[in-house]
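Spelled out, the chains give:
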Amino acid sequence: MAQMNMVEAIRSALDVILDKDPNVIILGEDVGYFGGVFRCTDGLQRKFGEHRVIDAPIAEGGIIGAAIGMGINGLRPVAEIQFADYIYPGFDQIVSELARIRYRSSGDFFSPVTIRTPCGGGIRGGQTHSQSPEAIFAHVTGIRSVMPSNPYDAKGLLISAIESDDPVIFFEPKRIYNGPFDGDPDKPAVSWASHPKGEVPESYYTVPLDRAEVVVAGDELTIVTYGTLVHVAKAAAEEVGVRAEIIDVRSLSPLDVATLASSVNKTGRCLIAHEATRFAGYGAELAARIQKECFYSLEAPISRIAGWDTPYPHAFEWQYFPGKKRVVNGIRKIMEEG
Amino acid sequence: MAQMNMVEAIRSALDVILDKDPNVIILGEDVGYFGGVFRCTDGLQRKFGEHRVIDAPIAEGGIIGAAIGMGINGLRPVAEIQFADYIYPGFDQIVSELARIRYRSSGDFFSPVTIRTPCGGGIRGGQTHSQSPEAIFAHVTGIRSVMPSNPYDAKGLLISAIESDDPVIFFEPKRIYNGPFDGDPDKPAVSWASHPKGEVPESYYTVPLDRAEVVVAGDELTIVTYGTLVHVAKAAAEEVGVRAEIIDVRSLSPLDVATLASSVNKTGRCLIAHEATRFAGYGAELAARIQKECFYSLEAPISRIAGWDTPYPHAFEWQYFPGKKRVVNGIRKIMEEG
Amino acid sequence: MARKSRLHIPRPSARPGDKPDFSYLDLAPAGSVDKPAIDARTRDIEHLSSGLVRVLDDKHQAVGPWNPNIDAGQLQIALRWMLLNRIFDKRMWQIQRQGRISFYMEAFGEEAVSVGQAMALRPGDMCFPSYRNQALFMYRGLKLVDMMCQCLSNTRDMCKGRQLPVMYHGKAANIFSISGNLSTQYPHAVGWAMASAIKGEDHIAASWVGDGSTAEADFHHALTFAAVYQAPVILNIVNNQWAISTFQGFAGGERRSFASRGLGLGIPGIRVDGNDLLAIYAATLWAADRARRGGGPTLIELVTYRAGAHSTSDEPSTYRPKDEYKSFPLGDPIDRLKQHLISIGHWSDARHEQLEEELKAEVLAAWKEAQQYGTMTEGPFLDPASMFDDIYAATPPHLESQRRYMLEIEGS
Amino acid sequence: MARKSRLHIPRPSARPGDKPDFSYLDLAPAGSVDKPAIDARTRDIEHLSSGLVRVLDDKHQAVGPWNPNIDAGQLQIALRWMLLNRIFDKRMWQIQRQGRISFYMEAFGEEAVSVGQAMALRPGDMCFPSYRNQALFMYRGLKLVDMMCQCLSNTRDMCKGRQLPVMYHGKAANIFSISGNLSTQYPHAVGWAMASAIKGEDHIAASWVGDGSTAEADFHHALTFAAVYQAPVILNIVNNQWAISTFQGFAGGERRSFASRGLGLGIPGIRVDGNDLLAIYAATLWAADRARRGGGPTLIELVTYRAGAHSTSDEPSTYRPKDEYKSFPLGDPIDRLKQHLISIGHWSDARHEQLEEELKAEVLAAWKEAQQYGTMTEGPFLDPASMFDDIYAATPPHLESQRRYMLEIEGS
Ligand SMILES: Cc1ncc(C[n+]2csc(CCOP(=O)(O)OP(=O)(O)O)c2C)c(N)n1
Ligand SMILES: Cc1ncc(C[n+]2csc(CCOP(=O)(O)OP(=O)(O)O)c2C)c(N)n1
Ligand SMILES: [Mg+2]
Ligand SMILES: [Mg+2]
């Protein structure tokens, strides 16, 4: 086992799979010689050659379109979109093609593309380097959406994603690339070395694509969350001193409803937390589904803590980010209700 | 007052506004000489000239991008996207530009583009001419999303949309262009002449962009719906014989929460119905919000009736479409619960 | 507005009621364009994009450097496929008019494109077609009955009822699934070709879009990626002058040929008489050789005319002169090949008529068989439960439960 | 894989440690390109896209038909703006390194582009810039202090703290708001120009993208719409050889010039020495006249070099030779104009130094003032409640209630 941060874990996953399967290739802006603006592909072109780790023109639609064609020809492309904010030029190829090829050809054709993309704010990126657009992908049937919250899961889920014959959008919460983050920007940075999931095997392993994980067991409240907010939720629950069960959804679509429902049926209270904007966000599906499954166990309305329904402002990053204060407040309110 | 179907009402809205405001122009594929594949712009180029009703290259991204530029230069462009299924190539311009210009320039610039696009199935269009992608637009802050369910609203809402300084995505449920449709494809077609909202003033009027409408008053159950499903819900409620309050959301974003909440607080039961796929669909936001607002009044879990989480199959249109049977079933179940 | 608009609005040369006018088309006599070596530098062959490669002259003789010298037997086969395409289309159109399929699109007037290009490609080459390439499927071995079953969405539909009619695919035939979304197949072809090159194989890819579709983003993506990586791909633009109701000027065709769209990226373009089977075959073979030997992509513009309606939902007489196609200076592709074969003594009107009868019978027989697998109104029907398959490699729980619920409801 | 990949992968001429090699750049002596009439037919001026319009020769003399014969006073002013741009950039870069702004992007080596083009446009013409056009804003009257306040996201920030540093806009200056998303401004410029034509006005639009950004879909959309409607627009490609870590070959620049990208649509292209202020001015004026008189769009490629890092987040020595820019054959734009002015007797090293000192003082004064309106750590601060404004024309109830809740939480 080694200590890895999320960037290293992702790089290790790519390294392992490039080595294992000669059909895996990487395609993206600055991913080759340079190794990616977040260094996730650093060294891979040197190791596997410029025909397997390929620098691409700046055209997200073209990257995804070409990757689809490669997939149809037997390769297993991993496309990097430099920021999730820049995935929209490829939206048509994802929705109209990638997600539909297997269906419309009755399984005769498919293209197992994985799209990796860093998402989320907290790095002073302003409104065009901070978005979390997972909800709009979760609504698209035929693709999987995944977002890990730690190095161990990142590597295992990414290998599963690449090996899956389904297309996967793999969101990487960039705020926690280098360390878990509890939502307080004034605290000194914490490294993954201090976190059990910073222990990552160097070799091949997988984490299943359709299982949420109970990261903290509890019985007074269920907090359903994913990505950076997993860490914020933990800190907030500790601060309040509530015995919260914290669930990391991990695979946003398809969703592991059973794990969520059994927890909420046990605790009777449910708080949902994510960084994306709230209105018609992914938390809406979680709330809608959980109230349906757990109606008779619920002692209080399900609450959502989310980014405000505004763009992500450069100056007000920490007022925008649903940090510990907001989650603490949400927990207190929900514990008082009912 | 005149009898109009929805196509005529939309055309009348465009006619009135082209006449009233010289800055309004129409841009889209086949909208000019030909008058649009659904005839919504028929005759308008003849009347207003080819410099105001403009045929466009087949590039949805270009149409929206150019419309934005026109809007910045003081025009009030109405862009037509031939089918909502083909709006995705323009998604980046909508999300990254249209929705953000006012915000990022602190109000110094804005572009009041209205994007009209026919959505929904039921016309044997198969998986690429039947989609209802409203949820992904509702999630995007900075734009309004609207979907009328009848000719009167269509005209009044469209004029409001065009006059609004906010960008608006205006979804037109094409199954009800020619008549209300209760979800039973075997029944003879019904025309708008038989419907009170088929009465449409020929001159200028508006319907506000932020008000849901109670289309049927009731006290046993609230059905929250929009578009084609408004008519299906009415028929289903009649068939079951339940005193349902039926609410046509109309303006999906921003949402008129008060109208919904006060109804559900009164009835204690809520069924949500839409044609789009369910998972992370617009109904999720409705359910999440209503359970929060009305938790203590709810006697049964909120249910969603929606399109299956599949593409819209050509052969199984009527098994896919959430028709009367499914809504009836949903009503019966929800009335038995609690 | 106070002042007069100065915006340029493209106008077609003729509208309903006007006399057709094709004077805007740059023509050139057969044999007038040279045929460069396949390793010629792009800069030296730019003129191919503004000329017009033609082999069949006005007297139906095959002339000039692009004459592929195919033997008559092969030409008869080509004629047969083109004729089959046309007869198939006419029948399916009729069937749609009778309400027995929901929709149809024909290749009327453009049959030489798919047939000529199919002949020039190898079976291992991968095709990414548009919706007017039905003859590609026929040539590559799809059975008529299977194509009809697709249009019927019946129990033998290769698409299991999921796609509109004509949205075929052929896994064994190496033809990709047709999309309802214009141009999306273009970057797929480039990506496929890139993969072929990465694997060190010598298969190439080919794709087709219409003139109107060149305005879409994916056209640009495909050209850019093809140029950057010198992908072994043939990118075809079928310029049939119309995109539903808008003429090719609305796709930017008023000033330069579509074949020249890639020049700025260093992609050679060839403008070809799209109703001349011999020219199409020769140009495609040239581009295929070039790609196979590492010479990179070629853009081919096929100048033709959409003689029919855009689709069964369209009525072209509302936006263009009714019989405009009869004035099209490049004639009819079937007629031209027929006259050529007659002129070289390998065909006759009688044999043509006989072939027509044979093909009609073949199509009719296929139609009879197809109906046995179900029609829109008569069984056997596809199982609606299959609607939930093939969305993911394995059907996830939420779709299984929706399937169960659907069956329950439908059964009730 | 068994066989060897045959895919072409573009390779820059030099990597770290290698000797810089610009032999790939097609150069041409100053004065060697003719200057056609503005109403010349596109077909007759295609050669402008592969030549290189240069006015300043190796001896710093202004020569040839494109010599705009600007008087020395104006050139001194141009030099002043370029120098201001560079000094401003250096200062802001330093300030970012000190952690006092979050991010910065400089125009180092490309200053002639914005200044030369700004000079050739009229105030009523609308600009749609990229993030390296800061001198456009300066030239059109934005105050340095306001630009700095934007970078500081402080109480006087024109963007109210919403945008990354350098994402300026200028309503009164007729400069559109910069987007983080590459190329999206290109179709806006075309649409704006179309509207100008529709209104019968003679204002034109101009937009800028980098070499790398030409691969994006919006580049294609813009060119297509500009060509179809003959929009009065100047579309500029600033080819500074690099797009973050990838050289211009990854945007398809290995075979043809970027200026030739529009030829296939009939859009004339001019390839211009991007470090030659006089050539830039002359070419832009030519294109502007052409557009204003109804001649339609022009594509201008400005051949220059990104002498600095991509942004403060970048370290170019990891992917290209460290001092590559010193070998760039077109030199440094400021130095070249300076030498020209000296050679014609209207400038001196002493005056240059003096100007530098003046501008440094001006920038420093602006920085001192800017900080008074707040920094990242010191107040006064913008009111976070303003975060909910300007999303819609009027703030809707759900945002008002989120605003209230935010204030409550932040106050707690
Ligand atoms: C993305 C997208 N936009 C619009 C349409 C609607 N549409 C279908 S065919 C067509 C015209 C295409 O014209 P062209 O490319 O010239 O092909 P042709 O029909 O002439 O073969 C249009 C606009 C579509 N299918 N997909
Ligand atoms: C749509 C989009 N994709 C990717 C990026 C990330 N990005 C920012 S600048 C840049 C390079 C642009 O290069 P070029 O167009 O040559 O402009 P230059 O920086 O050289 O001026 C990239 C890839 C982005 N901002 N937007
Ligand atoms: Mg066409
Ligand atoms: Mg660049």
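See the structure above.
Predicted model, so just to flag it, every value in this text is computed and none were measured.

**Focus: unusual backbone geometry**
Line of reasoning, step 1. Look at the link from serine 253 of chain A to proline 254 of chain A: it is a cis peptide, with omega at -15°.
Line of reasoning, step 2. Note on placement: proline 254 of chain A falls in the loop between strand E12 (251-253) and helix H9 (257-267).
Line of reasoning, step 3. Cis geometry marks the peptide bond from glycine 379 of chain C to proline 380 of chain C; its omega dihedral reads -5°.
Line of reasoning, step 4. The phi dihedral of arginine 124 of chain A falls on the positive side, at around 55°, and the residue is not glycine.
Line of reasoning, step 5. Secondary-structure assignment places arginine 124 of chain A in the loop between strand E5 (114-119) and helix H6 (134-138).
Line of reasoning, step 6. Its relative accessible area of 24% is what places arginine 124 of chain A among the partly exposed residues.
Line of reasoning, step 7. In this model, serine 153 of chain D sits at a positive phi of 50°, which is unusual for a non-glycine residue.
Line of reasoning, step 8. Mapping serine 153 of chain D onto the fold places it in the loop between helix H4 (144-152) and helix H5 (185-198).

**Some details on helix H2 (residues 111-120) of chain D**
Line of reasoning, step 1. In terms of residue burial, H2 of chain D counts as a mostly covered element, since ten of its ten residues are buried.
Line of reasoning, step 2. Buried within H2 of chain D we find Glu111, Ala112, Val113, Ser114, Val115, Gly116, Gln117, Ala118, Met119 and Ala120 of chain D.

**What about the coordination of the magnesium ion (ligand 3)?**
Residues and elements named next belong to chain C.
Line of reasoning, step 1. Distances from the magnesium ion (ligand 3) to its protein donors, Asp211 (OD), Asn240 (OD1) and Trp242 (O), fall within 2.0 to 2.1 Å.
Line of reasoning, step 2. Each donor residue of the magnesium ion (ligand 3) belongs to the same chain, with the gaps between them written as D-x28-N-x1-W. With aspartate 211 in the loop between strand E2 (205-210) and helix H6 (217-229) and asparagine 240 in the loop between strand E3 (233-239) and strand E4 (242-243), this residue pair connects regions lying 29 residues apart in the sequence.
Line of reasoning, step 3. The buried category is assigned to aspartate 211, whose relative accessible area is 1%.

**Observations regarding the packing of aromatic side chains**
Line of reasoning, step 1. Applying the stated criterion across every chain, the model contains 63 aromatic pairs over all chains.
Line of reasoning, step 2. On the basis of an interplanar angle of 70° and a centroid distance of 5.5 Å, the ring pair of tryptophan 318 of chain A and phenylalanine 321 of chain A is categorised as edge-to-face.
Line of reasoning, step 3. Taking relative accessible area as the criterion, phenylalanine 321 of chain A reaches 1% and is therefore assigned buried.
Line of reasoning, step 4. With centroids separated by 6.0 Å and ring planes inclined at 85°, the aromatic side chains of tryptophan 308 of chain B and tyrosine 405 of chain C adopt a geometry described as edge-to-face. One end of the pair, tryptophan 308 of chain B, is in the loop between strand E14 (303-307) and helix H11 (317-320); the other, tyrosine 405 of chain C, is in helix H10 (residues 397-411), on a second chain.
Line of reasoning, step 5. Cluster of aromatic residues (ring-pair linked, three or more members): Tyr88, Phe91, Phe137 and Phe171 of chain A together with Tyr88, Phe91, Phe137 and Phe171 of chain B.

**Observations regarding the pattern of salt bridges**
Where charged atoms from two side chains of opposite charge approach closely, those side chains can pair.
Line of reasoning, step 1. Evaluated as defined, the whole model comprises 89 salt bridges over all chains.
Line of reasoning, step 2. Linking glutamate 213 of chain A and arginine 250 of chain A is a salt bridge whose minimum nitrogen-to-oxygen distance equals 3.8 Å. Note that glutamate 213 of chain A is positioned in strand E9 (residues 213-216) and arginine 250 of chain A in the loop between strand E11 (244-248) and E12, a separation of 37 residues in sequence.
Line of reasoning, step 3. On the accessibility criterion, glutamate 213 of chain A (21% relative accessible area) is partly exposed.
Line of reasoning, step 4. Residue arginine 250 of chain A is classed as buried on the basis of its relative accessible area of 6%.
Line of reasoning, step 5. Of the charged contacts in the structure, one is a salt bridge between glutamate 172 of chain B and arginine 116 of chain B, with a shortest N-O distance of 2.6 Å. Here arginine 116 of chain B lies in strand E5 (residues 114-119) and glutamate 172 of chain B lies in strand E7 (residues 168-173), a separation of 56 residues in the sequence.

Rules and cut-offs
- Residue positions are given per chain, counted from 1 along the sequence in the order it is written.
- Here the convention is simple: chains get letters from A, ligands get numbers from 1, in the order in which they are written.
- Confidence filtering applies because this is a predicted model: local features only for residues at pLDDT of at least 70, side-chain atom pairs given and counted only at 80 or more, and all residues used for totals across whole chains, interfaces and linings.
- Computation of side-chain values covers all heavy atoms of the structure but excludes hydrogens and water.
- Segments assigned H or I by DSSP are reported as helices when at least four residues long, segments assigned E as strands when at least two residues long, and all are numbered from the N terminus.
- Relative accessibility under 20% of the residue-type maximum defines a buried residue, over 50% an exposed one, and the middle range a partly exposed one, all with a 1.4 Å probe and only protein chains included.
- Note: metal donors comprise N, O and S atoms at 2.8 Å or less from the metal (3.2 Å for Na, K and Ca); water molecules are not included, so apparent gaps in a site are possible.
- Centres within 6.5 Å make a pair out of two Phe, Tyr or Trp rings, where for Trp the six-membered ring is used; the pair is then stacked when the planes are under 30 degrees apart, edge-to-face when over 60, and tilted otherwise.
- Whenever Lys or Arg places a side-chain nitrogen within 4 Å of a carboxyl oxygen from Asp or Glu, that contact is recorded as a salt bridge.

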